[in-house]
Amino acid sequence: MIRLFLFLICAGLRAHALLRFGCSQLVTERLDPLGTPGQVSPHVHQIIGGNAFNVTMDPALDIPSVATCTTCKFKEDKSNYWTAVMYFKHPNGTFTRVPQIPNHFVGSTDGGMTVYYVQPGGNRVSAFPKGFRMITGNPKIRLSSPSEPSDVASWALSFRCWESPDPFGPSNTYPPGAGQYDTRHLPNKKCAGGIRSNVFFPSCWDGKNTDMPDHSSHTAYPLGSVNPNVGILGFVGEGCPSSHPVRVPHVLYETYWDTSKFNDLLTDAEWETEQPLVLSMGDPTGYGQHGDYLFGWEGDSLQRAMDNCMDGFGWPEACTELTVQTDEEMNSCKLATKVGENVGESEYIEALPGCNPLQNGPEPATTVEGCLAVSTTIASVATPV
Ligand SMILES: *[C@@H]1O[C@H](CO)[C@@H](O)[C@H](O)[C@H]1NC(C)=O
Ligand SMILES: *[C@@H]1O[C@H](CO)[C@@H](O)[C@H](O)[C@H]1NC(C)=O
């Protein structure tokens, strides 16, 4: 832990707020209330956070009063966070879902993700307003982003290939999204310690809109470049563009995929040429990685945490502004699936749920016409019309 601790705190002498906490899986299914509200979404997502999550999430909904539990460490956090899931393509063409395992130092979460809220030293951040939501990344992209290699934005979405499961090993000497172990594409080699995907959200806001039709143009990445020598703070850039002047917390999702259990099914050479991992939208490149964020903290709890919780490692227990719950409480908060289909959790499936044939690019992925996949939720089927 010393190494990890050092890279988190060596950034400078000024204190900065940091929260780093685990969240267990809430549900895994084809829903996306931002991208496709009211409908079954085109591909599978893994969702964490409060149990107010639904097919549609009206911005006027008072999420903290609707949710009765959360899968996240802090009871005050009823937000929802979601990403695509990862599959392994077997040599005979069938798929199984790659299990998600607890990240380093988050306890015994049931899969899920690790969430960070970061405040760079000296810059006060404003917590997100009620109704705020955003998306980063684009599931149709199959090509490396064209921005400058050192841009904050160009490294926002990446994958870390862990040489070993050891959190003190060399794979952990760089902040997420920087250094020699991270790539923007899915690693085309075996990763003995699994793969961790990193999704950094923009941390600059226009100060006016809680959402936009594209769910992203009210936000922007900070200016400047990534500095891999100053830990996670190397990712927060050098200030906001004048179009998006308000600094909001830098949100990062880490998802730890246990790909190691598949390593013996292919030779090293086969793994390099065939790269058998695929994201749920039929993306074998990884460039289509994306994340969705729906703010749902109670009252001013996030602002209080960002003003006062300065622990260098972001330990939940060190943030006395907030209430921590046990891993058992987090793991017991679940939502029943609303889309009646097998997502490949424990069985081999013939095709990815939805209509998601593998599309390698580099052209953007196209939508399959006439898709016959399940398109109604169990709840809506049960409702008389
Ligand atoms: C989800 O929405 C449906 C339909 O509006 C509603 O009946 C249900 O109670 C909602 N679930 C939650 C957890 O709010
Ligand atoms: C595909 O391969 C897996 C793993 O070897 C096997 O368990 C499964 O039965 C096979 N499925 C088909 C349809 O061949």
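For clarity, every value in this text was computed on a predicted model and none was experimentally measured. (Residues numbered from 1 in each chain as written. Chains lettered and ligands numbered in written order. Predicted model: local features only at pLDDT ≥ 70, side-chain atom pairs only at ≥ 80, totals over all residues. Heavy atoms only, no water.)

Caption draft 1: Broad picture of the state of the cysteines. By the definition in use, this model includes 6 disulfides. Two residues share a disulfide in this structure: C23 and C72, whose sulfurs sit 2.1 Å from each other. Negative torsions about the S-S bond denote left-handed disulfides, and the value of about 105° found for C23 with C72 makes this one right-handed. One end of the pair, C23, is in strand 1 (residues 18–23); the other, C72, is in the loop between helix 2 (63–66) and strand 4 (80–84), and 49 residues separate them in sequence. Here the two residues C23 and C72 agree in accessibility, since each one is buried. One disulfide in the model links C309 with C319; its S-S distance is 2.0 Å. Looking down the S-S bond of the C309 and C319 bridge, the torsion is 65°, so its handedness is right-handed. Placement of C309 in the loop between helix 4 (301–308) and helix 5 (327–332) and of C319 in the loop between helix 4 and helix 5 is noted, with a sequence separation of 10 residues between them. In this structure C309 comes out as buried when scored by relative accessible area, which is 5%. Once the bonded cysteines of the chain are numbered in order along the sequence, the disulfide links fall as 1-3, 2-10, 4-5, 6-7, 8-9, 11-12. (Disulfide = S-S within 2.5 Å. Helix = DSSP H or I, 4+ residues; strand = E, 2+ residues; numbered from the N terminus. Buried < 20%, exposed > 50% of the residue type's maximum accessible area, 1.4 Å probe, protein only.)

Caption draft 2: Geometry of the sheet that holds strand 8 (residues 133–137). Taken in spatial order, the 5 strands of this open sheet run 2-3-4-17-8, and their pairing is antiparallel. Because the sheet does not close on itself, it has two edges, and the strands there are strand 2 (25–29) and strand 8. Looking at each pair of strands side by side, their axes are set apart by 15° on average, direction ignored. (Pairing = 2+ DSSP bridges. Axes fitted to C-alpha atoms, helices over the stretch in contact; angles between N-to-C directions.)

Caption draft 3: Broad picture of the site of ligand 1. Around ligand 1 sit N51, N54 and V66, and that is every residue in its neighbourhood. A distance of 2.4 Å separates an oxygen atom of ligand 1 from a polar side-chain atom of N54. Considering ligand 1 on its own, with 360 Å² of exposed area, one finds that the protein chains cover 33% of that surface. (Near = heavy atom within 4 Å. Polar contact = N/O pair within 3.5 Å; in protein donor to acceptor, adjacent residues only side chain to side chain. Areas by Shrake-Rupley, 256 points an atom, 1.4 Å probe, with all protein chains shown as cover.)

Caption draft 4: View of the pattern of salt bridges. All told, the structure shown has 13 salt bridges when counted by the stated rule. We note a salt bridge from E341 to R30, for which the minimum N-O separation is 2.7 Å. In this pair, E341 sits in the loop between helix 5 and helix 6 (378–382) while R30 sits in the loop between strand 2 and strand 3 (45–49), placing the two residues 311 residues apart along the sequence. For E341, a relative accessible area of 25% puts it in the partly exposed group. Accessibility expressed as a relative area gives 4% for R30, which makes it buried. What emerges from the salt-bridge pattern is a single network uniting D300, R304 and E321. (Salt bridge = Lys/Arg side-chain N within 4 Å of Asp/Glu carboxyl O.)

Caption draft 5: Representation of the site of ligand 2 in the model. Around ligand 2, the neighbouring residues are N92, T94, Y348 and E350. A distance of 2.3 Å is found between an oxygen atom of ligand 2 and a side-chain nitrogen or oxygen belonging to N92. Looking at the shell around ligand 2 residue by residue, the class counts come to 1 nonpolar, 2 polar and 1 charged. (Nonpolar A, V, L, I, M, F, W, Y, C, P; charged D, E, K, R; others polar.)

Caption draft 6: How the structure looks around the packing of aromatic side chains. On inspection of all chains with the given rule, the structure shows 22 aromatic pairs. Ring geometry for F105 versus F168: centroids 6.4 Å apart, planes at 55°, classification tilted. Residue F105 is located in the loop between strand 6 (95–97) and strand 7 (113–118), and its partner F168 is located in the loop between strand 9 (157–161) and strand 10 (182–183); the two are separated by 63 residues in the primary sequence. Looking at F105, the relative accessible area reads 26%, which means it is partly exposed. Aromatic side chains F201 and Y293 sit 6.2 Å apart centroid to centroid with 55° between the ring planes, which places their arrangement in the tilted category. In this pair, F201 sits in the loop between strand 11 (195–200) and strand 12 (204–205) while Y293 sits in strand 17 (residues 290–294), placing the two residues 92 residues apart along the sequence. Here F201 matches Y293 in class, with each residue buried. Put simply, the rings of F21, F74, Y81, Y117, F128, F132, F201, W205, Y253, Y293, F295 and W297 pair up and form one aromatic cluster. R160 extends its terminal NZ or CZ atom over the ring of W162, reaching a point 5.8 Å from the ring centre. (Phe/Tyr/Trp six-rings, centres within 6.5 Å; stacked < 30°, edge-to-face > 60°. Lys NZ or Arg CZ within 6 Å of the ring centre and 35° of its normal.)

Don't take any of this as a statement about function, it's just geometry.
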